[in-house]
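Spelled out, the chains give:
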Amino acid sequence: MYERRQLDSDESPLTEKVVRISRVAKVIKGGRHLSFNAMVVVGDGEGRVGVGLGKADAVPDAVRKGAAAAKKDMITVELKDNTIPHEIIAKYGGSVVMLKPAPPGTGVIAGSSVRAVVELAGVKDIVTKVRRSTNPVNVVKATIEGLSGLKNVEEELAKRKRLVEAVREREQQRQNQRRARAANAAQS
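Parameters at a glance
- Residues numbered from 1 in each chain as written.
- Predicted model: local features only at pLDDT ≥ 70, side-chain atom pairs only at ≥ 80, totals over all residues.
- Heavy atoms only, no water.
- Helix = DSSP H or I, 4+ residues; strand = E, 2+ residues; numbered from the N terminus.
- Core = buried A, V, L, I, M, F, W, Y, C linked by side-chain atoms within 4.5 Å.
- Buried < 20%, exposed > 50% of the residue type's maximum accessible area, 1.4 Å probe, protein only.
- Contact = heavy atoms within 4.5 Å.
- Patch = residues over 30% accessible without salt bridge, like charges linked within 9 Å, V, L, I, M, F, W, Y side chains within 5 Å.
- Areas by Shrake-Rupley, 256 points an atom, 1.4 Å probe, with all protein chains shown as cover.
- Salt bridge = Lys/Arg side-chain N within 4 Å of Asp/Glu carboxyl O.
- Lys, Arg positive; Asp, Glu negative; His and termini not counted.
- Charge placed at Lys NZ, Arg CZ, Asp CG, Glu CD.
- Pairing = 2+ DSSP bridges.
- Expected span 1.5 Å × (residues − 1).
- Polar contact = N/O pair within 3.5 Å; in protein donor to acceptor, adjacent residues only side chain to side chain.

Visitor: Give me the lowdown on the environment of lysine 55, citing residues and values where you can.
Guide: Within the secondary structure, lysine 55 is located in strand β4 (residues 48-56). When the C-alpha positions of lysine 55 and arginine 181 are compared, they lie 69 Å apart, and in sequence the two are 126 residues distant.

In structure tokens form, the structure reads like this:
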């Protein structure tokens, strides 16, 4: 796991971690053509994180391309204190990742791929578990999917209460309209 700190164009410090570097050999007429791909995670440690996969003939170029792709596709993670607001299970490909909030002082309990994503997102206390496939590329993408699916519990409850009240109002209006029609039909 390689780590490098650099400044982004808008002056917020971004940290990048290389999760996986793979060597790919393509057999051609003259022998084998080697290329590399690198899975890179970029984050600011304050709720913004992104992942990118870069492919090139040399490792540094692949890492640079992966970091550029990660910066383009950054997401904002909903945090509650130093953990996540609720438990979530995310799937990507053959990987299933469970993310669970933890009490303060627990730390990050995670494998290397999930750890890279949640630490760069700014999560300090979390319990995770990867099930089925442990392919680092799919695990990182499943983790990002899970983090992007997090919602603020209080905001969601408020939205649902408003929705329930609106449905009750609409139902009350319909009943009043039916009574008015029935009254008009009875008078006629």
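Visitor: Tell me about the nonpolar core, and name the residues and values.
Guide: One finds Val41, Val49, Leu99 and Leu147 to be the most contacted residues of the largest nonpolar core, which totals 28 residues. Looking at this core, the elements that each hand over two or more residues are β3 (31-43), β4, β7 (95-101), α2 (112-121) and α3 (136-148). Dropping the residues within four chain positions of it, valine 49 is found in contact with Val41, Val42, Gly43, Asp73, Met74, Ile75, Val77, Val117, Leu120, Ala121 and Ile144.

Visitor: I'd like a rundown of unusual backbone geometry, residues and numbers included.
Guide: Of note, the phi angle at aspartate 81 is positive, near 55°, even though the residue is not glycine. Judged by relative accessible area, aspartate 81 falls into the exposed class, the value being 73%.

Visitor: Lay out a positive patch on the surface with the relevant residues and their values.
Guide: Together, Arg170, Arg174, Arg178 and Arg181 line one region of the surface with positive charge. Among the secondary structure elements, arginine 181 is positioned in helix α4 (residues 153-187). Using a relative accessible area of 55% as the deciding quantity, one classes arginine 181 as exposed.

Visitor: Tell me about the pattern of salt bridges, residues and numbers included.
Guide: Summed over the entire model, instances satisfying the criterion amount to four salt bridges. Of the charged contacts in the structure, one is a salt bridge between glutamate 119 and lysine 17, with a shortest N-O distance of 2.9 Å. On the criterion of sequence distance, the pair formed by glutamate 119 in helix α2 and lysine 17 in strand β2 (residues 13-28) is long-range, its members being 102 residues apart. With a shortest N-O distance of 3.4 Å, arginine 64 and aspartate 61 are connected by a salt bridge. Of the two residues, arginine 64 and aspartate 61 are both situated in helix α1 (residues 59-72); the distance of three residues between them amounts to about one turn of the helix. It is possible to trace a salt-bridge network through shared partners that takes in Lys17, Arg115 and Glu119.

Visitor: Account for the pairing of β2, naming residues and giving values.
Guide: Across 13 bridges, β2 lies against β3 in antiparallel orientation. Following the sheet pairing, serine 22 is matched in β3 by asparagine 37. What sits between β2 and β3 in their antiparallel hairpin is a turn of two residues.

Visitor: Just give me the short version of α4, but keep the residues and values in it.
Guide: With 35 residues, α4 should cover 51 Å at 1.5 Å per step; its first-to-last C-alpha distance of 51 Å lies within 8% of that length. Sitting at the amino-terminal end of α4 is asparagine 152, which places a side-chain oxygen 3.1 Å from the backbone nitrogen of glutamate 154.

Visitor: So, the side chain of serine 113: which residues are in play, and what are the values?
Guide: You can see serine 113 is positioned in helix α2. Classification of serine 113 by relative accessible area gives buried; the value is 10%. In contact with serine 113, other than residues within four places in its own chain, are Val19, Pro136, Val139 and Val140.

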